[in-house]
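Coordinate inspection notes
Below are the chains, spelled out letter by letter.
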Amino acid sequence: MHGLETFEDVDEWLAPMGYDAFWDAIIPLGLYGADDRAHCDHTLATGIADMETVMTVIKMFAREALVRQFDLPFRCDLVTKPELTVIA
């Protein structure tokens, strides 16, 4: 999915997304629904929270859900195998 193989990949995927792009990408994944977007829209419209706060929170929850759903490791946890060569 979207080439997400690590925790950091999820962060990098979410980071540049604006509000509308976030919802367009996330709702089809089932992490959030239309009711969640309506709640965030209301929160912004009534001034309960500003856009930066809302984006920080919804991206944080989406990141955690994706990492958990796909059991994604941190990049530093990936084990690389050394290249072995035969010396004659």
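Residues numbered from 1 in each chain as written. Predicted model: local features only at pLDDT ≥ 70, side-chain atom pairs only at ≥ 80, totals over all residues. Heavy atoms only, no water.

1. Points about helix α3 (residues 34–45)
- With 12 residues, α3 should cover 16 Å at 1.5 Å per step; its first-to-last C-alpha distance of 16 Å lies within 8% of that length.
- Positive phi appears at Gly47, one or two residues downstream of α3, with a value of about 80°. (Helix = DSSP H or I, 4+ residues; strand = E, 2+ residues; numbered from the N terminus. Expected span 1.5 Å × (residues − 1).)

2. Examining the packing of helix α1 (residues 7–14) against helix α4 (residues 51–70)
- Two elements in contact, α1 and α4, have axes separated by 10 Å at closest approach and are oriented at 145°. In this structure, α1 crosses over α4, and the sense of that crossing is right-handed. Contacts between α1 and α4 involve Phe7, Val10, Asp11, Trp13 and Leu14 on the former and, on the latter, Lys59, Ala62, Arg63, Glu64, Leu66 and Val67.
- Residues that form the contact of α1 with α4 fall into these classes: seven nonpolar, no polar and four charged. (Axes fitted to C-alpha atoms, helices over the stretch in contact; angles between N-to-C directions. Left-handed = near helix turned anticlockwise from the far one by under 90°. Contact = heavy atoms within 4.5 Å. Nonpolar A, V, L, I, M, F, W, Y, C, P; charged D, E, K, R; others polar.)

3. Some thoughts on the environment of Glu52
- Its place among the elements puts Glu52 in helix α4.
- Distance in space between the C-alpha atoms of Glu52 and Tyr19 is 9.8 Å, their sequence separation being 33 residues.

4. As for α4
- End to end, α4 covers 28 Å across 20 residues, agreeing with the expected 28 Å (1.5 Å per residue, within 8%).
- Looking at α4, one finds that the buried residues are Val54, Met55, Ile58, Lys59, Ala62, Arg63, Ala65, Leu66 and Val67.
- Those residues of α4 that are buried are in contact with α1, α2 (19–26) and α3.
- Positive phi appears at Asp71, one or two residues downstream of α4, with a value of about 50°. (Buried < 20%, exposed > 50% of the residue type's maximum accessible area, 1.4 Å probe, protein only.)

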